[in-house]
Amino acid sequence: MATVARARGMTEIAKAADVTRQALYKGLSEAGDPKLSTVLGVMKALSMKVTVEAGV
């Protein structure tokens, strides 16, 4: 997700996700531990979604 966010422009993604650019870089770094709200905001900004299915 971090690579896609960088390719699309971190400033633009940060604005759409309602987080600061610095928080976005920190949260998406290898050592980052982003809040769920940040992950969901970035996913929305990138038009991504998560699907959950019951295991068999």
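Preceding block: the structure.
Residues numbered from 1 in each chain as written. Predicted model: local features only at pLDDT ≥ 70, side-chain atom pairs only at ≥ 80, totals over all residues. Heavy atoms only, no water.

### Considerations on the nonpolar core
Ala2, Ala5, Met10, Ile13, Ala14, Ala17, Leu24, Leu28, Val42 and Leu46 together form the largest nonpolar core, which totals 10 residues. Going through the elements one at a time, helix 1 (2-8), helix 2 (10-17) and helix 3 (21-28) are the ones with two or more residues in this core. With 4 residues, the single largest contributor to this core is helix 2. With residues near it in sequence (within four places) discarded, leucine 46 still touches Met1, Val4, Ala5, Arg8 and Ile13. (Core = buried A, V, L, I, M, F, W, Y, C linked by side-chain atoms within 4.5 Å. Buried < 20%, exposed > 50% of the residue type's maximum accessible area, 1.4 Å probe, protein only. Helix = DSSP H or I, 4+ residues; strand = E, 2+ residues; numbered from the N terminus. Contact = heavy atoms within 4.5 Å.)

### A few points about the packing of helix 2 against helix 3
Orientation of helix 2 relative to helix 3, taken along the N-to-C sense of each, is 100°, at an axis distance of 9 Å. Judged by the angle between their axes, helix 2 and helix 3 are roughly perpendicular. Along its contact with helix 2, which presents Met10, Thr11, Ile13 and Ala14, the element helix 3 presents Arg21, Leu24, Tyr25 and Leu28. (Axes fitted to C-alpha atoms, helices over the stretch in contact; angles between N-to-C directions. Parallel < 35°, antiparallel > 145°, perpendicular 65-115°, else oblique.)

### Re a nonpolar patch on the surface
On the surface, a cluster of nonpolar side chains totalling about 220 Å² of accessible area is made up of Met1, Val4 and Met48. Structurally, methionine 1 can be placed in the segment before helix 1. (Patch = residues over 30% accessible without salt bridge, like charges linked within 9 Å, V, L, I, M, F, W, Y side chains within 5 Å. Areas by Shrake-Rupley, 256 points an atom, 1.4 Å probe, with all protein chains shown as cover. Salt bridge = Lys/Arg side-chain N within 4 Å of Asp/Glu carboxyl O.)

### Notes on helix 2
Listed in full, the buried residues belonging to helix 2 are Met10, Ile13, Ala14 and Ala17. The buried residues of helix 2 occupy an angular sector of 100° when projected down its axis, which confines them to one face. Structural note: helix 2 exposes Glu12, Lys15 and Ala16 on the side pointing more than 90 degrees away from its buried face. Lining the buried residues of helix 2 we find helix 1, helix 3 and helix 4 (36-45). Two residues or fewer after helix 2 comes aspartate 18, characterised by a positive phi angle close to 60°. (Arc of directions from axis to C-beta.)

Keep in mind that these numbers describe shape and distance, not what the molecule does.
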